[in-house]
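The chain contents come next:
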Amino acid sequence: MEDTIVAISTALGPGGIAIVRLSGEGALDLANQAFNKKGALLNKDNHRKMIYGQIKDGDQIVDEVLAVAFFAPNSYTREDMVEIHCHGGYMAVKETYGLMLKLGARPADPGEFTKRAFLNGRIDLAQAEAIGSLIDAYSKEGYQESLSQLEGSLSRRIHKDREALVDMMALIEANIDFPTDEVEEANNQQLLEAAEGLLASLKKLRATSKRGKFLRDGIRTTIVGKPNVGKSSLLNSLLQEERAIVTDIPGTTRDVIEEFVQLDGLTLRIKDTAGIRDTHDLVEKMGVDIARASIGEADLILALFDSSRPLDKEDKEVLSLIGSRPTILVLNKSDLEAKTGPEDLKDLAGDLPLVTTSLLREEGVEDLEEAIGKIFFKGDIKKRPDSLIMNLRHLQALDRAIEALGSAYGDLEEGVFLDCVEVDLKAAYLALGEITGESIEEEILDRIFSEFCIGK
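As the structure is a prediction and not an experimental result, all values here were calculated from the model. (Residues numbered from 1 in each chain as written. Predicted model: local features only at pLDDT ≥ 70, side-chain atom pairs only at ≥ 80, totals over all residues. Heavy atoms only, no water.)

## Here we look at the sheet that holds strand β5 (residues 60-70)
Just so we agree on the cut-off: By the convention used here, strands pair only if DSSP detects at least 2 bridges between them. Runs of E in the DSSP output that reach at least two residues are strands. Runs of H or I that reach at least four are helices, and both are numbered from the N terminus. It only takes one pair of heavy atoms within 4.5 Å for two residues to be counted as in contact. To define axes, lines are fitted to C-alpha atoms, for helices over the stretch in contact only, and angles between the resulting N-to-C directions are given on a 0 to 180 degree scale.
Strand order in the open sheet made by the 7 strands is β3-β4-β5-β6-β2-β1-β7, with mixed pairing throughout. The open sheet terminates on both sides in strands that have one partner only, identified here as β3 (35-36) and β7 (106-107). Bridge analysis of strand β1 (residues 5-8) against β7 gives 2 bridges, and the strand direction is parallel. Bridge assignment links Val6 to a residue of β7, and that residue is Pro107. Against the sheet, helix α2 (residues 91-102) touches β1, β2 (13-23), β4 (51-57), β5, β6 (81-89) and β7, its axis set at about 150° to β6.

Here it is in structure tokens:
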């Protein structure tokens, strides 16, 4: 925390602007050693103001830049900060970054700017992790939820629940310090009701974790079927572009093609796989093996069948691979004479959602999108809870809090000594505190920020 750190905060490569960012007690002095504006320095008179000048290494001009200073505590890290806006590309930004190292800054660790913002009290840990989620967001809904959590929606919810636990523990302390039979009986009932209500609230929050995962990471979706049923055509229809090669030749798709598809708030991480069939072609066989493995990893399977051909052993193998995973049956090629109908498919597949399409005529794709929404968000994609669990670490901490609170509730029902109940309430309190960082081990903290990109 005593070091002045520096990082390139934009992606390297051709572009209009690249940013070198410094933070720490020596950030201003260090930047002023290199920044030249006819004697003008970055100082408190130009706080948060862009200044045009040059970065110079001795008499050698490194780049023409815009520089801006942020003075503590009014900065991202609550430390003195400087951002140097260089020309984009490779050399200008690397030369500027290298000069900052030469002058005494050290390279920032991944996520160190945000870690300092957390340690200096500008944001809590849930808000810090929301920044990482913002950067990684694949959908508008996931981005909006991350932005909401950055503004403190989840943190406020956790603080409220922790306050409820504090109230319960205070009631127990009062019982222990001032025991009477009548007060104890009344307080026990009050504690039971409070524990029951809070437990229901935490379980309701936990129930959002599946939706939160899908918003953050996208729904892992695999398109499967035997060759020539229209898998690549479906991918192209959903993407609205010719991403996958479509031919009448069986076995055209040999590798997995993965793309992101936005469907009115849903993000599908969709894979087009090789057709499931027995083959002696080594490369195609490898593609088929990958397709089978992709089925086991999927959150959603789109199983395609050709209505213009009778169902055969390859179709039956596709159905056998699906198992109990969420699946939508897609009966394609409705523009051709039907030799397999919806009832034929349901006789084999059971009561799975079924959509009829003609991908050649672009018919039925909207029905498929609606069916996906019904599976994951009960058809109400846009209605969002006030708080979501989008993070595995948050989910694990919440599970520990629910377990501890459930134990406290059971003890209260059985009339166990209140001292024992208080131990469980304290455990729940600490577990919830892990989400916001109010009770967190340094090792876990380091692991969290190591997953951030450098420069953030």
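There is more to say, and it comes next.
## Focus on the packing of aromatic side chains
Rules: Note on ring pairs: Phe, Tyr and Trp rings are taken, using the six-membered ring of Trp, and paired if centres are within 6.5 Å. Classes follow the plane angle, with under 30 degrees stacked, over 60 edge-to-face and the rest tilted. Between buried and exposed lies partly exposed: a residue is buried under 20% and exposed over 50% of the maximum accessible area for its type, with that area taken using a 1.4 Å probe on protein chains only. Lysine NZ or arginine CZ positioned within 6 Å of the ring centre and within 35 degrees of the ring normal marks a charge as sitting over the ring.
Taken as a whole, this structure holds 2 aromatic pairs when the rule is applied. An angle of 35° between the planes, with centres 6.4 Å apart, marks the rings of Phe118 and Phe449 as tilted. Placement of the pair is Phe118 in helix α3 (residues 112-119) and Phe449 in helix α16 (residues 442-450), with a sequence separation of 331 residues. Accessibility assignment for this pair places Phe118 and Phe449 in one class, buried. With a centroid separation of 5.3 Å and an interplanar angle of 40°, the aromatic rings of Phe449 and Phe452 are classed as tilted. Phe449 sits in the buried class, given a relative accessible area of 2%. Judged by its relative accessible area of 10%, Phe452 falls in the buried class. Grouping aromatic residues by their ring pairs yields a cluster made of Phe118, Phe449 and Phe452. Directly above the aromatic system of Phe113 lies the positively charged group of Arg21, at a separation of 5.2 Å from the ring centroid.

From the geometry alone we can't say anything about function, so treat these as descriptive.
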